[in-house]
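# Structural characterization, general
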2 protein chains.
Amino acid sequence: MGEINIKMLALELNLSAATVSRALRDSYEISSETKARVIEMAKKLNYEPNPFASSLRQQKSKTIAVIVPAIANNFFSLAINGIEEVARARDYHVLIYQTHENSEIERSFLMRLSSGRVDGILISLASEEVDKRQLKEVSEKLPVVFFDRVHDDIEGVKITTDDYTSAYNAVQHLIENGCKKIGYLMALNSLSTGEKRLQGYLDALKNNGFPYQPDLIITNSGTVEQNYSLVRNFIAEQKPDGILSSIEDLAMPCYYACKDLKLTIPDDLKLISFSNLAHAELLNPSLTTINQPAFEIGVEAAGILFKIFNNRRYAFNETITLKSNLIKRESSMRAE
Amino acid sequence: MGEINIKMLALELNLSAATVSRALRDSYEISSETKARVIEMAKKLNYEPNPFASSLRQQKSKTIAVIVPAIANNFFSLAINGIEEVARARDYHVLIYQTHENSEIERSFLMRLSSGRVDGILISLASEEVDKRQLKEVSEKLPVVFFDRVHDDIEGVKITTDDYTSAYNAVQHLIENGCKKIGYLMALNSLSTGEKRLQGYLDALKNNGFPYQPDLIITNSGTVEQNYSLVRNFIAEQKPDGILSSIEDLAMPCYYACKDLKLTIPDDLKLISFSNLAHAELLNPSLTTINQPAFEIGVEAAGILFKIFNNRRYAFNETITLKSNLIKRESSMRAE
DNA sequence: TTTATTTACGTAAACGTTTACGGATAATCG
DNA sequence: CGATTATCCGTAAACGTTTACGTAAATAAA
């Protein structure tokens, strides 16, 4: 197609391509009259600069990548929302990749991105064992910011929430509401994020004089169906009177399982979950959640990335921790 | 940085850049021994081709854009999920943009994308009046596929659901369950999608001998708070005994409003909503939904786009309609 | 054996920008 | 008035690929 480019503009204006380019980039070397002429003509001819030529020459893309385990997830979609807003404000483009918790897919994305297609990467790690070498290699080439799903062993800037404290407080809350046998639905166990949540659970129990019972901890396993039977069996066999779930996808099955087992929440079983469900309030019963500031995490992560772009400092280790919110609702309430 | 490129590979292998390029693209002009040598060296040196140089030369980007009103939305995040999976299978990249239902933002995205940054666009229109001229201009330059939020006046390939029938059947269901005064919570009214849902509602009423009562139809208005008071006032004043909501964001307020007004769903008010809530089952009461095949819509839309890429036919008008599912739950059930 | 064809590669141009370098003119200064 | 400086613009190279065109050698056809 007869796409209009700088040379045509130059021809039309009796100027050199260099001058046109400089005028469009508002260079000080160009007189204001010429700038006006160029801009007018560019608008008239509907000129749109070729981003590839520009990226090739300048070695930057005005694009960032976001790698997440899944998009269709309340937490991640909110985080992406935040990221996109920040990016848009700076006229950056946002590429999206989902790993489906698979580190092999994750690795391949990272490899593909190391070509310079993006100026930086925002990543929330897959729960499978991560390829640290690959990650290190990429982060030497371009700035990488981790959010939520992080790994302490990997150097870099990280945006997280106070996972340990949140889990601790949630368990404390369950205990205060009378729970004697508190189960933990574990996930993300290969990540620091998961470790901290677990540790918060363990420490809260310990500090309240509860014994350590490994049987009260189960780990998620893939599919929705597997998770359901896992949770159902756990509740049926262990008969916990309180549960802290480290992810939403393990808490929802509790509702279904309790229905099936004719148990009522919170009377028979009190439930708290890390969750960004928009309408936890409307569940039956309403769900007590540890609500992560997902949108803000996205905003913060993207903000940091842009700061790095400006400062060119990207070989450092820093963790920014935002606070989650324990929102107490019916599912964890003591019977009156 | 000393990024490795084709010239370096060529130097290292005592070949020309052309040969290396051709070898990497598996050209028939290159002997298999040479190909092997090149591939080995490329792997050894961790060569990653520069996507901008390639895009510049080939005039294509291996990237598609997805424009949606919002990402943090059950329907759209599922659709994007489907799109991303299809794109990944073909080694394509996915750019994400959200319009926040603002047609000015939408317009500016379309403009930015007409530079050739992407090979095609998947778009779900903002509910504000769309800029048809801009859209037409873009779709003359590159293939555009519309999904869900479409406009019949705009030519192009469209993936939608059976909005009319779905709305019609939902109202029919409400009537069968005893509703006498059925309200409609309208949205997307500037789009065909919205018109069809409305028409389904209207026709179902008419065919059942119900009078046309404009007071029973209200239109959404921006913020969550505004929507809440709108819905609350509507229920308080009109006292409908049934409601069909054209979007999830207008149905949730019904729950809160009924709580506040001491009305019970479904006894005082039966409710059905277009919705892709993952756990409508767990609401109190569980919500009867018109569930759109969001993931499949994404897959279908992306699939069509790739077909267009291959056939180069992209000046036609075609609509593909997938079926939604009316999932009957407590919120619309007749009292026993 | 001569000619035609195939095979395997190299040369150089092209994609559309940006920018280092240079230069002409006009304004300023000593 | 000559020298310096500021202003404004052009020339050409560069970014890293891909590909049209050309060609030498090897093979096949005549």
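Everything below is about the structure printed above this text.
The following paragraphs examine the structure supplied in this document.

The rules behind these values
Residues numbered from 1 in each chain as written. Chains lettered and ligands numbered in written order. Predicted model: local features only at pLDDT ≥ 70, side-chain atom pairs only at ≥ 80, totals over all residues. Heavy atoms only, no water. 1 Å grid on protein atoms, 1.4 Å probe; cavity = no way out; pocket = protein on both sides within 12 Å on 5 of 7 lines; lining within 4 Å. Points joined across faces, edges and corners; volume = space filled by probe spheres on them. Helix = DSSP H or I, 4+ residues; strand = E, 2+ residues; numbered from the N terminus. Nonpolar A, V, L, I, M, F, W, Y, C, P; charged D, E, K, R; others polar. Phe/Tyr/Trp six-rings, centres within 6.5 Å; stacked < 30°, edge-to-face > 60°. Lys NZ or Arg CZ within 6 Å of the ring centre and 35° of its normal. Buried < 20%, exposed > 50% of the residue type's maximum accessible area, 1.4 Å probe, protein only. Arc of directions from axis to C-beta. Contact = heavy atoms within 4.5 Å. Polar contact = N/O pair within 3.5 Å; in protein donor to acceptor, adjacent residues only side chain to side chain. Least-squares fit on C-alpha atoms with pLDDT ≥ 70 in both. Pairing = 2+ DSSP bridges. Axes fitted to C-alpha atoms, helices over the stretch in contact; angles between N-to-C directions. Near = heavy atom within 4 Å. Buried area = accessible area lost by both parts, 1.4 Å probe. Salt bridge = Lys/Arg side-chain N within 4 Å of Asp/Glu carboxyl O. Core = buried A, V, L, I, M, F, W, Y, C linked by side-chain atoms within 4.5 Å. Parallel < 35°, antiparallel > 145°, perpendicular 65-115°, else oblique. Left-handed = near helix turned anticlockwise from the far one by under 90°.

### As for empty space enclosed by the protein
- Under the defined criterion, the tally for this structure stands at seven cavities of 30 Å³ or more.
- Lining the largest cavity are A:F52, A:T63, A:L95, A:R117, B:P51, B:F52, B:S55, B:S61, B:T63, B:H93, B:L95 and B:R117.
- Ranked by the residues each element gives to the lining of the largest cavity, the list is headed by helix α4 (residues 51-58) of chain B, at three residues.
- Here the residues of the lining of the largest cavity sort into five nonpolar, five polar and two charged.
- For the second largest cavity, the full set of lining residues is A:M111, A:S114, A:Q134, A:E137, A:V138, A:K141, B:N46 and B:E48.
- For the lining of the second largest cavity, the per-class residue count stands at two nonpolar, three polar and three charged.

### Remarks on the packing of aromatic side chains
- Summed over all chains, the structure comprises 14 aromatic pairs over all chains.
- On the numbers, 4.9 Å between centres and 25 degrees between planes, the contact of B:Y184 with B:Y201 is stacked. Taken together, the positions of B:Y184 in strand β6 (residues 182-186) and B:Y201 in helix α9 (residues 192-207) put the pair 17 residues apart, joining distant regions of the chain.
- Cluster of aromatic residues (ring-pair linked, three or more members): A:Y92, A:F306 and A:F309.
- A cation over an aromatic ring shows up here: A:R197 above the ring of A:F274, its NZ or CZ 3.9 Å from the ring centre.

### Some remarks on helix α7 (residues 132-141) of chain A
Residue and element names in this part refer to chain A.
- Those residues of α7 lying buried are Q134, L135 and V138. An end-on view of α7 places all buried positions within 95 degrees of arc, on one side of the element. The outward face of α7, more than 90 degrees from its buried face, is lined by the exposed residues R133 and E140.
- Along its buried surface, α7 packs onto α6 (103-113), β3 (120-123) and β4 (144-147).
- Of the residues flanking the start of α7, the one acting as N-cap is D131, its side-chain oxygen 3.2 Å from the backbone nitrogen of R133.

### With respect to the relation of the copies chain A and chain B
- Each copy superposes on the other: chain A lies on chain B with an RMSD of 0.1 Å after a rotation of 180 degrees and an axial shift of 0.0 Å. The transformation relating the two chain copies, once decomposed into turn and shift, fits a two-fold axis.
- Both copies share a contact surface, since 100% of the interface residues of chain A are interface residues in chain B too.

### Structural notes on the sheet that holds strand β9 (residues 270-274) of chain B
All names here are of chain B.
- Pairing is mixed across the open sheet formed by six strands, whose spatial order is β7-β6-β8-β9-β10-β12. A strand with exactly one partner marks an edge of an open sheet, and here the two such strands are β7 (217-219) and β12 (325-327). With strand direction ignored, the average angle separating the axes of adjacent strands in the sheet is 15 degrees.
- Examined bridge by bridge, β9 and strand β10 (residues 288-291) share three bridges and lie parallel to one another. For S273, the partnering residue across the bridge sits in β10 and is T289.
- Against the sheet, helix α8 (residues 163-176) engages β6, β8 (242-245), β9, β10 and β12, with an angle of about 170 degrees to β9.
- Against the sheet, helix α11 (residues 248-261) engages β6, β8 and β9, with an angle of about 155 degrees to β9.

### Some points on the environment of B:Q213
- Following the sequence through the fold, B:Q213 ends up in the loop between α9 and β7.
- Counting along the chain gives 169 residues from B:Q213 to B:K44, while the straight-line C-alpha distance between them is 74 Å.

### What to know about the protein's contact with DNA strand D
- What surrounds DNA strand D is a group of 27 residues, the closest being A:T19, A:R22, A:T34, B:S21 and B:R57.
- Within 4 Å of the protein, atoms of DNA strand D come from sugar and phosphate in 61% of cases.
- With respect to DNA strand D, the side chain of B:S21 contributes an N or O atom lying 2.6 Å from a phosphate oxygen.
- In this structure, a base nitrogen belonging to DNA strand D sits 3.4 Å away from a side-chain N or O atom of B:R22.
- Top contributing element to the surface near DNA strand D by residue count: α4(B), with four residues.
- Of the residues that constitute the surface near DNA strand D, the class distribution is nine nonpolar, 11 polar and seven charged.

### Observations regarding the interface of chain A and chain B
- Facing 54 residues of chain A, the contacting portion of chain B comprises 54 residues.
- In total, about 5,200 Å² of surface goes out of reach between chain A and chain B, with carbon and sulfur atoms giving 57% of it.
- Taken together, chain A and chain B are joined by six salt bridges.
- One salt bridge connects A:R112 with B:D91, and the closest N-O pair in it is separated by 3.1 Å.
- Across the chain A-chain B interface, the total number found is 22 residue pairs in polar contact (both at pLDDT 80 or more).
- Listed by contribution, the elements that provide at least two residues to the side of chain A that touches chain B are α4 (51-58), α5 (74-89), β2 (93-98), α6, α7 and α11 (248-261) of chain A.

### Describing the nonpolar core
- Counting residues in hydrophobic clusters, the biggest one holds 132 residues, and the most contacted among them are A:I121, A:Y201, B:I121 and B:Y201.
- With residues near it in sequence (within four places) discarded, A:Y201 still touches A:A167, A:Y168, A:V171, A:I182, A:G183, A:Y184, A:L216, A:I217 and A:L244.
- Residues B:I83, B:V94, B:L122 and B:A302 belong to the second largest nonpolar core, which totals 60 residues.

### Details of the environment of A:K196
All names here are of chain A.
- Its location among the elements puts K196 in helix α9 (residues 192-207).
- Assessed through its relative accessible area of 35%, K196 is described here as partly exposed.
- Along the primary structure K196 and N227 are separated by 31 residues, whereas in three dimensions their C-alpha atoms are 22 Å apart.
- In this structure, K196 is in contact with D152, D163 and Y164, ignoring residues within four places of it in sequence.

### Remarks on the packing of helix α5 (residues 74-89) of chain B against helix α12 (residues 294-311) of chain B
All names here are of chain B.
- Two elements in contact, α5 and α12, have axes separated by 7 Å at closest approach and are oriented at 40 degrees. One finds that α5 runs oblique with respect to α12. Crossing hand, α5 versus α12: right-handed. In contact with F75, L78, A79, N81, G82, I83, E85, V86 and A87 of α5, α12 contributes A294, F295, I297, G298, V299, A302, G303 and F306.
- Per-class residue counts for the contact of α5 with α12 are 12 nonpolar, four polar and one charged.

### Quick look at the protein's contact with DNA strand C
- As a structural note, the neighbourhood of DNA strand C is formed by 27 residues, with A:S21, A:R57, B:T19, B:R22 and B:T34 the closest of them.
- Backbone atoms, meaning sugar and phosphate, form 62% of the atoms of DNA strand C found within 4 Å of the protein.
- A:I6 is positioned such that a nitrogen or oxygen atom in its backbone is 2.8 Å from a phosphate oxygen of DNA strand C.
- In terms of residue count, the dominant contributor to the surface near DNA strand C is α4(A) (four residues).
- Classifying every residue of the surface near DNA strand C by side-chain character gives nine nonpolar, 11 polar and seven charged.

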